[in-house]
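What the coordinates show
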Amino acid sequence: LNGNENTIYASAGWNGTNKSHVLRITDGTVTIQNVTIVGNEDTKSGILAWDGTTGDATRVDLTLDKVTVQNCGNAALQVNSATVTANNLKTSGNAWGAVNVDRASNNDDLPSFTLNGEGTALQEPTKVWTEIQDPTEDVIKGDSSIVTGTPMTDTNGHTYYGDAIASVTVSETTTDYATLADAIAAVNGMEDKKTPVTITLQADATINGSLTLSRGN
């Protein structure tokens, strides 16, 4: 699909709330290039690359080249047990974040996502994330500075590349966290209750309910 710099808009009368992805790739080798995809709160993700069969000889192999995805109800891009290479991907305004990389349901095969290009611009705070425990280097990789740094890990073992919401500093060592809740949980779980700890909020955070910080005596 060569969009020739054109835009695909999801209809304002999209069929159902958070129902259906704008583009869905489920088979073969596909290239999408030079196109902008604009979703809305009723769409799912802008692009879904989904391989639903374990060990399938015809895995989904998707290349994105100069693609922009905006304002979708889920992620800009979902990579589910597929192989995806994104060159100079641009995203903004997508509710979940930019790129989710995980296994497809009923498929044990690991996905592979490569993010390349100096023109890459993922505007969401959560830029690339996976729920795969201890993902290998092949799951998320590339030459973009977004994925070459050290990722954050939350209390569920999920891995995030993106903007830190909070950080914890102990003895001049600072660790970034994707959420304030994860930063607080890390502090509460420390065996050493006497060493001074600093939690720094690096972005806006909403607290719905109580907040407990326990350091003991």
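Data block above holds the structure.
Let me sum up the structure you'll find in this document. Values in this document were obtained by computation on a predicted structure and should not be read as measured data.

Secondary structure assignment for the protein chain yields 2 helices and 18 strands. At 19 Å, the protein chain has a C-alpha radius of gyration in line with the 17 Å of a compact globule built from 217 residues. Principal-axis analysis of the C-alpha atoms places the extent of the protein chain at approximately 60 × 40 × 35 Å. The 217 residues of the protein chain split such that 42% are buried. Sequence-distant contacts, at least 24 apart, represent 64% of the contacts inside the protein chain between residues at least 6 apart.

The next point concerns the environment of Ala185. By the secondary structure assignment, Ala185 is in helix H2 (residues 180-188). In this structure Ala185 comes out as partly exposed when scored by relative accessible area, which is 33%.

Mapped onto the elements of the fold, Asp102 is located in strand S9 (residues 97-102). Of the side chains with opposite charge, Arg103 comes closest to the buried, unpaired Asp102, at an N-O distance of 6.9 Å.

Here we take up the environment of Val60. Topologically, Val60 is positioned in the loop between strand S4 (47-50) and strand S5 (61-70). For the pair formed by Val60 and Val84, sequence separation is 24 residues and the distance between their alpha carbons is 8.1 Å. Look past the residues within four positions of Val60 in its chain and what remains in contact with it is Ile25, Thr26, Asp27, Gly28, Ala49, Trp50, Asp51, Ala82 and Thr83.

In total, this model carries 0 aromatic pairs according to the counting rule given. The aromatic ring of Trp50 is capped on one face by Arg24, whose charged end is 5.3 Å from the ring centroid.

Taking burial as the measure, the 5 residues of strand S12 (residues 126-130) include 4 buried ones, the bulk of the element. Pairing analysis gives 2 bridges linking S9 to S12, with the strands arranged parallel. Residue pairing in the sheet places Val99 in a bridge with Val128 of S12. In this sheet, strand S15 (residues 159-162) lies alongside S12 in antiparallel orientation, the contact comprising 4 bridges. Its bridge partner being in S15, Thr126 is matched across the sheet by Gly162.

A word on the pattern of salt bridges. A full pass over the atoms with the stated rule returns 3 salt bridges. Between Arg59 and Asp109 there is a salt bridge, with the nearest N and O atoms lying 3.5 Å from each other. On the criterion of sequence distance, the pair formed by Arg59 in the loop between S4 and S5 and Asp109 in the loop between S9 and strand S10 (112-116) is long-range, its members being 50 residues apart. Overall, the relative accessible area of 19% leaves Asp109 in the buried class. When the shortest N-O distance is used, the salt bridge between Lys127 and Asp163 registers 3.8 Å. Highlighted residues: Lys127 in strand S12 and Asp163 in the loop between S15 and strand S16 (166-170), separated in sequence by 36 residues. Taking relative accessible area as the criterion, Lys127 reaches 11% and is therefore assigned buried.

The subject of this paragraph is the sheet that holds S16. The strand order across the open sheet formed by 3 strands is S17-S16-S18, and the pairing between neighbours is antiparallel. Looking along the sheet, the strands with just one partner apiece sit at the ends: strand S17 (173-177) and strand S18 (197-201). Sheet twist, expressed as the mean angle between neighbouring strand axes with direction ignored, is 20 degrees. With 5 bridges joining them, S16 and S17 adopt antiparallel strand pairing. Each residue of the ladder has a partner; that of Thr169, found in S17, is Thr174. In this fold H2 packs onto S16, S17 and S18, with an angle of close to 175 degrees to the strand it touches most, S18.

The rules behind these values
Residues numbered from 1 in each chain as written. Predicted model: local features only at pLDDT ≥ 70, side-chain atom pairs only at ≥ 80, totals over all residues. Heavy atoms only, no water. Helix = DSSP H or I, 4+ residues; strand = E, 2+ residues; numbered from the N terminus. Rg over C-alpha atoms; globule rule 2.2 N^0.38 Å. Buried < 20%, exposed > 50% of the residue type's maximum accessible area, 1.4 Å probe, protein only. Contact = heavy atoms within 4.5 Å. Lys, Arg positive; Asp, Glu negative; His and termini not counted. Salt bridge = Lys/Arg side-chain N within 4 Å of Asp/Glu carboxyl O. Phe/Tyr/Trp six-rings, centres within 6.5 Å; stacked < 30°, edge-to-face > 60°. Lys NZ or Arg CZ within 6 Å of the ring centre and 35° of its normal. Pairing = 2+ DSSP bridges. Axes fitted to C-alpha atoms, helices over the stretch in contact; angles between N-to-C directions.

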